[in-house]
Each structure stands twice: as structure tokens, then as C-alpha cells.
Amino acid sequence: MIQNLSPEEIVRRESLDKLRALGIDPFPAAEYKTNSNAHDILNNYEEGREVRIAGRLHNMRDMGKASFAQLQDSTGKIQIYISIDSICPGDDKTLYKEVVKHLLHFGDFIGVSGKLFTTRMGEISVHVESFMLLAKAVKPLPVVKTDKDGVVHDAFTDPELRYRMRYVDLVVNEKVRDTFIARTKIVNAMRNFFNAQGYLEVDTPVLQAIPGGASARPFITHHNALDVPMYLRIANELYLKRLIVGGFEGVYEFSRNFRNEGMDRTHNPEFTVMEIYVAYKDYYWMMDFTEAMLRHVCEHALGTTTVQFADRTIDFGKPFHRITMTDAIKQFTGFDISGKSETELAAFAKSIGIDVTDAMGKGKLIDEIFGAKCEGNFIQPTFIMDYPVEMSPLCKRHRDNPELTERFELMINGKEVANAYSELNDPIDQRQRFEDQIKLQERGDDEAMFIDQDFLRSLEYGMPPTSGMGIGVDRLVMFLTNNEAIQEVLFFPQMRPEKFQTGPDLSEYTALGISDVWAEHVIRAGYDTIEKLKAAKPTAIHQNLNGYRKKNKLDIPAIQLDEVQAWLA
RNA sequence: GAUCUCGUAGCUCAGCUGGUAGAGCAAUACACUUUUAAUGUAUGGGUCCUGGGUUCGAGUCCCAGCGGGAUCACCA
């Protein structure tokens, strides 16, 4: 296969050979020991201090017998200054005149050592005394420049390219790296908070025979040895509850879940949910706990409890609002759902423009009303409490009202971020709820509900009263890092697989008798399929190829007409 | 899945009612030993996403496809 290389890529590839001719390995193996980094230099500057650092070369400015550039490492960028005298003290100036000026390129990794100084313009720099090429970049990075006012020019912004080539995005867009560092800090802060309470981080199966704990379309795969279908988990809830049955009093897991549904800027087929279950607690306790946890996360990961998101400021420092779903609907629609029949609910839903179908039960209708009229209004963190029993098959009935459940969702910026229950631990009720779900689905829901018999059996052995909470980690990170797309907080968001053009196979050409040196050029000259070559007149091929040879100044023998005729014979 | 919209040099983008494809940066060559979006001079670089159609002539208009984005649907 041949690759179509841009002129710039060809130059860089040719530099590999030139470097090797000078005895320089463009991809050396040995460790390069460093004693500092960009951040350290800028924060602990001391004139004349000897440093040894490594990084990627940016923004080279050749000024004749001296050059400036920036070296980018994982902590930031630092300017380096290379002069002909400091790196070539003897008569041989090749290292500067050839290597620095012509064979180093933007994007290459180099290691340098030298003394710190401040330039006339006041910029802290490394006066390079020796340098070493650590790895050559044969493909040029997008050139992004930032001027003295901090304005970014020619930013690398195409979402497709940024998401497909996150490695490039991370190199040239500093904010992207900051987002992912923040993500890890957020996750670490959550983990530390749970560990400090003595809760146990656990792992449960990703590959499940029954995809339970939520209602969503799963990804299906197949286990060959057992010859059974298997599913990627849509949730881990039922497994964590089994562990509470088993005697752990607090377990949590950062669960990568998979749902075979639509993708948009808030949904990715795989996403991360943190679920935690604590024995002997109820959902009131869990509200306090969730609030304290989020405050802890903000303080430790961001250093503040007031967070800017788009044009809004979200305050995690104040006590979170709490409102029941019934009151929320009353507040925003004036309609009181309590005690209403399915028909009455359906009529009201229709009256506010909801497309009501027969598949909708009471719970679904209430959820639709809430989603249409209330959800978007809760910008500051707000707990919505006491959902209808039909929408919450894994949640305990409300202690004061059997139509409702002891459930809350945390809304931030009009979106659901967390979901929690006083967990249903009555195995008889649980079995009945699963069966009710199936009845609902028989009315028209296309998603299959799987009854997990083993989970029911575990409840029969007894589960202590427990409260559980799940929080969408990706969404939380979005809010805390001011990103409006989930793709911005996932390193490698799902994209339609990229089609790489696999060029024609050289062997097909050499099989015709075309010489090895010519085969590639025959393809580049436009005969990129054997069919095209065979359809052309030998005289035309002959002329085209020699024209191509001349144009590209190829240092290979010209083609003779009888050679071409032999290929086509 | 539906609708709208975008696809032009390595990158960011211009390209008018259809008439031989442009800029900046990057690259190449030269000059310049404290510059910083370095500067100056010169040079090279294009499957205008792909395939059809209309036309004397298509980057531009029409149709289909591929890929992206936005909105909607789906996602308790």
C-alpha cells in the first residue's frame, strides 16, 4: 500500500535519512534523564541554574546564528534559546547549521540542557548548551498561535478532527488538557470522600447474562464457550445490592455503562456512572450525603463552590433546594397530580401539548409533564423528591403514600445529574413491580424488561434497609468544567468509524512486470487501479509516466515504450 | 431515524448573478546572535468530499451517496 504524502511530510521523511547520515538516530531508545520541567522553571527561576528538560518543539524562530523556540512538556511551555556558539563551540558548525536549522521541525521531541536566563524582553528561557533529538514527528501538527493579548489564531477547532485525533487536540489546545485533568481531580475527590467514610470501592461484571438495573437497549454479544448471548451492562445497580445482601455496609463503583441508543451532545454509547449503596440509610440521609459530597468535590477539585456554566453561575455552597415532584408540577403548571386517574393525567398532558400514547401509564405521564414544564427550570442544585411508583420499580414505596416512592433526583442546570432511592428490599413487592413493568411494556414499550431471578433470590435472603445513589460522572464533569458537550469530557467519544483509503497493492503492479521503483509512481501518476492502466493506450501511459518523472525530478530510469507494451501484453 | 447546514492547500478560512482556484500561517531557499502571532525577500504546494446530471463551460446550480455539526425524535 502506498500513502499520499504532502510535500511537508516528504520533507520530514527525507530528514530522517539526513539525520542518520549525520549519525543521529531520529528515534533513540535510551532514557533521557531530566531534572526539571516548564512549570518548575517558571515557578522556581534562578538565573544560571542548570536544567535538563524534554518536550515537544513548538514555534521555532530562526534568527540566523541563533534560534528561539518553545519546549512543551506535560506542565506547560518554556522558551529555549539555541545559539551557534553555545552548541558548536568548535570549528564544526554542522549541529547548528544543518540539524537545528534544517532537520528539526515543529512537533519533534527533543531533550535540552542549559542554564536559565531572562531575555531582553523579560521572558524566562533556557540557554541551550546541548540538545538531543528524542523522536521525530513526520507529520506536521496544526499550527496554532497565541498573540501577546492571549488571542488564539488559527485555532484547531473542527470537532470531527478534534475528537477523532484527540492526541492532536491535546497537544495544540491547552484548555482541553485542563478539562481532562479536572475530570480526574473530580473523580479522585469523590473517591477520597467515600473512602474517608470507610466505604468499599468494588468491581462488578461488565459482561452480564441479564442486563438489569435500568430500562435501556443493551449492546449484545456472544460468549462462544458457553454459547449464550451476553450483554454489556446498562447499569450495575443489582450487583451492588447483592453485595449489601452479602454484608458490606457501604459499596461504590465507578461503572462504565453501555446503552445502544442515540448519540448527541449529552449522550455517548458508553458513559460513566458512580453508584453508591449504604446500608441502614434512607433517601433523606442520602440527600445530605450527596450535597456534602458535591461540596467536597467542588472545593477539592476546583477550589471553589461557585461554578460558571455558560452564562450562569451555579452555587454548590448554599443548601440545595428540595421540592416534591407533585409540588414542582403544581408550581410550574398549576395542576395538582395527587389522586388523579390515568385518564385525568392523560387529558392534562394533552392539554399542555404532550403527544400522549396508549403506552403511557400514570408514571410515564407524570414524568412527561415534569419533563416538559418543570425540569428545565431547576438551574441551581435542586432535589426533586417522591416520584410515582410506576416510574421507579427498584425503589421503596413512600412511607406516607404508597402511590409514591422514596426517590430523589438531583437537577442541576435543568438536567438530571443524580438519582437515588431508599432501596426496595421487600422481595415480594420487588417481584410484583417487575411484573407490573412487563405489563407496561406489553402496552407498547419496545424495550424488553429482563427479570433477574437471581437478584430476587438475593433479596429473599434479606437486604438491610439501604439507600443508593447514582451520579452521572460525565454530566457532572460537564457542569464543573463548563463544557456543553459530553464529547468534550470523554477522551475518545464515539464516532462513526473512519474509512481509511487503502491504496492499491504494489504487488499487483509488480506482477505485471513493472519494476519495484516504478510501481509506486505508476499509481501516483493516476493509474491507481489495474483496470485504469489496462484501459489506457500504451503510448499515452509512456508519455504520462515520463512526464511525471520529469515533473517530479525522479532519479530513476525513464520508461521505454516497449516496457509499457510488455506490461499490458 | 427526520429536518436544516457544512465539506476548497498540512491548519484556519475567502471565493459575488456559473467563465482558467486565493489569503494568512506552516513548508522550502536565502538574510539576520536576546526573538516572541519575530521580520524581510523568493519559491513550491489543490481529486474544490465522492458519483451522476444541467450547461458551450460547474468549487459555484440540481440529484444521490459519504462524513461532520445543529435541532428534533429515542434515551424513566
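Check the entry above for the structure.
Since this is a predicted model, take the numbers as computed values, not measurements. (Residues numbered from 1 in each chain as written. Chains lettered and ligands numbered in written order. Predicted model: local features only at pLDDT ≥ 70, side-chain atom pairs only at ≥ 80, totals over all residues. Heavy atoms only, no water.)

A. Inspection of the overall build of chain A at higher detail. Along chain A, the regular secondary structure elements total 20 helices and 20 strands. Taking 25 Å as the expected radius of gyration for a compact globule of 569 residues, we find that chain A reaches 32 Å, considerably beyond that expectation. Counting over 569 residues, chain A shows a buried share of 46%. Sequence-distant contacts, at least 24 apart, represent 62% of the contacts inside chain A between residues at least 6 apart. Of the roughly 29100 Å² of accessible surface on chain A, a fraction of 51% belongs to carbon and sulfur atoms. Counting 67 positive and 84 negative side-chain charges, chain A places the averaged centre of each group 5 Å from the other. (Helix = DSSP H or I, 4+ residues; strand = E, 2+ residues; numbered from the N terminus. Rg over C-alpha atoms; globule rule 2.2 N^0.38 Å. Buried < 20%, exposed > 50% of the residue type's maximum accessible area, 1.4 Å probe, protein only. Contact = heavy atoms within 4.5 Å. Areas by Shrake-Rupley, 256 points an atom, 1.4 Å probe, with all protein chains shown as cover. Lys, Arg positive; Asp, Glu negative; His and termini not counted. Charge placed at Lys NZ, Arg CZ, Asp CG, Glu CD.)

B. Molecular detail of the side chain of Ser-83. The topology assignment puts Ser-83 in strand β3 (residues 76–83). Within the local environment of Ser-83, its side chain forms a polar contact with the side chain of Ser-86, the two groups lying 2.9 Å apart. Aside from chain neighbours lying at most four places away, what touches Ser-83 is Lys-65, Ala-66, Tyr-96 and His-127. (Polar contact = N/O pair within 3.5 Å; in protein donor to acceptor, adjacent residues only side chain to side chain.)

C. Inspection of the pattern of salt bridges at higher detail. By the definition in use, this model includes 35 salt bridges. Between Arg-20 and Asp-17 there is a salt bridge, and its shortest N-O distance comes to 3.8 Å. Of the two residues, Arg-20 and Asp-17 are both situated in helix α1 (residues 7–21); the distance of three residues between them amounts to about one turn of the helix. The exposure class assigned to Arg-20 is partly exposed, which follows from its relative accessible area of 45%. (Salt bridge = Lys/Arg side-chain N within 4 Å of Asp/Glu carboxyl O.)

D. Up close: the protein's contact with RNA strand B. Around RNA strand B, a shell composed of 50 residues is seen, among which Arg-61, Gln-79, Asp-85, Ser-215 and Asp-367 lie nearest. Counting only atoms of RNA strand B within 4 Å of the protein, the fraction found in sugar and phosphate groups is 61%. Glu-160 places a side-chain nitrogen or oxygen 2.6 Å from a sugar or linking oxygen of RNA strand B. Within the side chain of Arg-496, an N or O atom sits 3.3 Å from a phosphate oxygen of RNA strand B. Breaking the surface near RNA strand B down by element, the ones donating at least two residues are α1, β1 (50–62), β2 (66–73), β3, α3 (84–87), β6 (145–146) and α5 (159–164). Here the surface near RNA strand B is composed, by residue class, of 16 nonpolar, twelve polar and 22 charged. (Near = heavy atom within 4 Å. Nonpolar A, V, L, I, M, F, W, Y, C, P; charged D, E, K, R; others polar.)

E. Region of interest: the environment of Tyr-421. Relative to the assigned elements, Tyr-421 resides in strand β19 (residues 415–422). The spacing of Tyr-421 and Gly-470 is 49 residues in sequence and 9.3 Å in space, taken between C-alpha atoms. For Tyr-421, the contacting residues outside a window of four places in its chain are Glu-237, Tyr-283, Leu-394, Cys-395, Glu-406, Arg-407, Thr-466, Ser-467 and Gly-468.

F. Structural context of the sheet that holds strand β9 (residues 207–208). Pairing in this open sheet of three strands is antiparallel, and the strands run β9-β11-β10 from one edge to the other. At either end of the open sheet lies a strand with only one pairing partner, and these are β9 and β10 (220–223). Note: β9 against strand β11 (residues 228–232), two bridges, orientation antiparallel. Looking at β11, one finds that Leu-207 is bridged to Leu-232. (Pairing = 2+ DSSP bridges.)

G. Representation of the nonpolar core. Core analysis: the largest hydrophobic core is formed by 45 residues, its most contacted members being Met-190, Phe-194, Met-274, Ile-276 and Ile-471. No other element matches the nine residues that helix α9 (residues 283–302) contributes to this core. In contact with Ile-276, not counting residues within four places along its chain, are Phe-194, Tyr-199, Val-251, Tyr-252, Met-286, Phe-289, Ser-467, Gly-468 and Met-469. With 27 residues, the next largest nonpolar core counts Leu-71, Ile-87, Val-112 and Leu-133 among its residues. (Core = buried A, V, L, I, M, F, W, Y, C linked by side-chain atoms within 4.5 Å.)

H. Region of interest: the packing of aromatic side chains. Per the stated rule, a full pass over the model turns up 19 aromatic pairs. On the numbers, 6.2 Å between centres and 85° between planes, the contact of Tyr-252 with Phe-254 is edge-to-face. Each member of the pair, Tyr-252 together with Phe-254, is buried. One aromatic cluster is present, formed by Phe-193, Phe-194, Tyr-199, Tyr-252, Phe-254, Trp-285 and Phe-289 through successive ring pairs. We note Arg-52 situated over the ring of Tyr-32; from NZ or CZ to the ring centre the distance is 4.2 Å. We note Arg-407 situated over the ring of Tyr-387; from NZ or CZ to the ring centre the distance is 4.5 Å. (Phe/Tyr/Trp six-rings, centres within 6.5 Å; stacked < 30°, edge-to-face > 60°. Lys NZ or Arg CZ within 6 Å of the ring centre and 35° of its normal.)

None of the figures reported here should be taken as evidence of function without further support.
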